[in-house]
Amino acid sequence: MANNSYLKLEQIGKSFSRGPATTEVLRDISMIINEGEYVSIIGHSGCGKSTLLNIIAGLTPVTTGGVILEEREVNSPGPERAVVFQNHSLLPWLTVYENVALAVNKVFAGKKSRAERHDWIEHNLQLVHMLHARDKRPAEISGGMKQRVGIARGLAMEPKILLLDEPFGALDALTRAHLQDSIMEIHMKLGNTMVMITHDVDEAIFLSDRVVMMTNGPAATIGEILDVKLQRPRRRLELVNNKAYTEARAAVLEFLYARHKAPTIAA
Ligand SMILES: Nc1ncnc2c1ncn2[C@@H]1O[C@H](COP(=O)(O)OP(=O)(O)OP(=O)(O)O)[C@@H](O)[C@H]1O
């Protein structure tokens, strides 16, 4: 049965210090993310989205508060929280297959046989439609394909939570749409928990069960959380005239561009 308090963010605060100066980036971030949920975090540039994601990933320590996953505090990186970054962080000297194998061998050494690991790598490449390019190196494939491999690598670690830091940010609009469709298909198929940072309002609504809207920094916090009441599977062409979709879109746009304008255009 789905766990309804799978991931808890408890009063997270984060300050960075440089010499005598301290900047409070995040303040009092609290929310509960359920198992299988797709949650997006949206907010203006510099408000602290990546910092929050890195805290969940265990890559950045909190200043106050904590991250609880299935009743346990997590404060260092672990394979149960895989991260997909914007700039497909593949190793250029390894093939597509080997890039995924690196993660799989690390996570499943001693737990899956060599043959099982091989099948699992191929299965995950198949999931993102990249099995055909398994022997290519990153320089030989497009940006969208690299991102697919990054997603396969994240999924292949069988994480409890997949953290996506603007996973489609560097891609052209069409490739981006294809990958959004793929990630939605994967999420429906696997039912995994996903937390994604994005700047794109349509992307956030299209993919998410809930959209977390962050206020501007310093001391950014959660301004509002929007429930996206759209049935799945969602088809982008059908959403254009969907009332729930246009209302959700208007609510996020109003938050970002009326009530919480980017600091540079706030005056
Ligand atoms: N390691 C660090 N040391 C000092 N300051 C940092 C560090 N990491 C982030 N910051 C500061 O924290 C603030 C939030 O940065 P962060 O990258 O989390 O924002 P963001 O919302 O993800 O931005 P963007 O949307 O542009 O990627 C910024 O002011 C940034 O300069």
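Residues numbered from 1 in each chain as written. Predicted model: local features only at pLDDT ≥ 70, side-chain atom pairs only at ≥ 80, totals over all residues.

### Some details on the overall build of the protein chain
Line of reasoning, step 1. Tallying secondary structure elements over the protein chain gives eight helices and ten strands in all.
Line of reasoning, step 2. Its C-alpha atoms give the protein chain a radius of gyration of 19 Å, within 12% of the compact-globule value 18 Å for 267 residues.
Line of reasoning, step 3. Principal axes of the C-alpha set define a box for the protein chain whose edges measure 55 × 50 × 40 Å.
Line of reasoning, step 4. Each of the 267 residues in the protein chain was classed as buried or not, and the buried ones make up 37%. (Helix = DSSP H or I, 4+ residues; strand = E, 2+ residues; numbered from the N terminus. Rg over C-alpha atoms; globule rule 2.2 N^0.38 Å. Buried ≥ 20, exposed ≤ 12 C-beta atoms within 10 Å, placed from the backbone.)

### Some remarks on the site of the ligand
Line of reasoning, step 1. Lining the immediate surroundings of the ligand are Phe16, Val25, Gly43, Ser45, Gly46, Cys47, Gly48, Lys49, Ser50, Thr51 and Gly217.
Line of reasoning, step 2. The dominant element in the shell around the ligand, judged by the number of residues it contributes, is helix α1 (residues 49-57), at three residues.
Line of reasoning, step 3. Its residues assigned to classes, the shell around the ligand comprises three nonpolar, seven polar and one charged. (Near = placed C-beta within 6 Å. Nonpolar A, V, L, I, M, F, W, Y, C, P; charged D, E, K, R; others polar.)

### Some details on the environment of leucine 164
Line of reasoning, step 1. Tracing the backbone through its elements, the reader meets leucine 164 in strand β7 (residues 161-165).
Line of reasoning, step 2. On the basis of neighbour count, leucine 164 is assigned to the buried category, with 26 C-beta atoms found within 10 Å.
Line of reasoning, step 3. Along the sequence, leucine 164 and valine 84 sit 80 residues apart, while their C-alpha atoms lie 4.8 Å from each other.

### Let's talk about the sheet that holds strand β10 (residues 222-227)
In sheet architecture, strand pairing relies on hydrogen bonds along the backbone and comes in two forms, parallel and antiparallel.
Line of reasoning, step 1. Strands sit in the order β6-β7-β8-β3-β9-β10 across an open sheet of six strands; the sheet is mixed. Edge positions in the sheet fall to β6 (81-84) and β10, since each of these pairs with one other strand and no more. The average angle at which neighbouring strand axes cross in this sheet is 20°, direction not considered.
Line of reasoning, step 2. On top of the sheet, helix α8 (residues 243-259) reaches β3 (38-42), β9 (210-214) and β10; it is set at about 175° to β10, its chief contact. (Pairing = 2+ DSSP bridges. Axes fitted to C-alpha atoms, helices over the stretch in contact; angles between N-to-C directions. Contact = placed C-beta atoms within 7 Å.)

### Considering the sheet that holds strand β1 (residues 7-18)
Line of reasoning, step 1. If you walk across this open sheet you meet the four strands as β2-β1-β4-β5, and the pairing is antiparallel. Since the sheet does not close on itself, it has two edges, and those belong to β2 (21-33) and β5 (72-73), each with one partner.
Line of reasoning, step 2. Across the sheet, α1 lies against β1, β2 and β4 (64-69), angled at about 65° from β2, the strand it touches most.

### What to know about the packing of helix α4 (residues 143-156) against helix α5 (residues 173-190)
Line of reasoning, step 1. Where α4 meets α5, the closest approach of the two axes is 10 Å, and the angle between their N-to-C directions is 20°. When the interaxial angle is binned, α4 and α5 end up roughly parallel. Along this stretch, α4 crosses α5, giving a crossing that reads as right-handed. Touching Gly144, Gln147, Arg148, Ile151 and Leu155 of α4 are Thr175, His178, Leu179, Ile183 and Ile186, all from α5. (Parallel < 35°, antiparallel > 145°, perpendicular 65-115°, else oblique. Left-handed = near helix turned anticlockwise from the far one by under 90°.)

### Quick notes on the packing of helix α2 (residues 96-108) against helix α3 (residues 114-127)
Line of reasoning, step 1. Two elements in contact, α2 and α3, have axes separated by 10 Å at closest approach and are oriented at 125°. With respect to each other, α2 and α3 are oriented oblique. Two packed elements cross with a definite hand, and for α2 against α3 that hand is right-handed. Facing α2, whose interface residues are Val96, Tyr97, Val100, Ala101, Val104, Asn105 and Phe108, α3 presents Arg117, Trp120, Ile121, Asn124 and Leu125.

### Examining α8
Line of reasoning, step 1. With 17 residues, α8 ought to run about 24 Å at 1.5 Å a step, and its terminal C-alpha atoms sit 22 Å apart, in line with that.
Line of reasoning, step 2. The sharpest bend along α8 reaches about 25° and sits at leucine 253.
Line of reasoning, step 3. The inward-facing, buried residues of α8 abut β3, α6 (201-207), β9, β10 and α7 (236-239). (Expected span 1.5 Å × (residues − 1). Bend = angle between axes of the 7 residues up to and from the residue.)

### A closer look at the confidence of the model for the protein chain
Line of reasoning, step 1. When pLDDT is averaged across the protein chain, the result is 92; 97% of the residues are at 70 or more.
Line of reasoning, step 2. In the model output, the complex is listed with pTM 0.92 alongside ipTM 0.97. (pLDDT = per-residue confidence, 0-100.)

### Structural notes on α1
Line of reasoning, step 1. Extensive coverage of α1 is indicated by the burial of seven of its nine residues.
Line of reasoning, step 2. Once α1 ends, the next one or two residues include glycine 58, with phi positive near 85°.

### Focus on the environment of threonine 63
Line of reasoning, step 1. Secondary-structure assignment places threonine 63 in the loop between α1 and β4.
Line of reasoning, step 2. Expressed as a C-alpha distance, the spacing of threonine 63 and isoleucine 12, which sit 51 residues apart in the sequence, is 7.5 Å.
Line of reasoning, step 3. Not counting residues up to four positions away in its chain, the partners in contact with threonine 63 are Gly13, Lys14 and Ser15.

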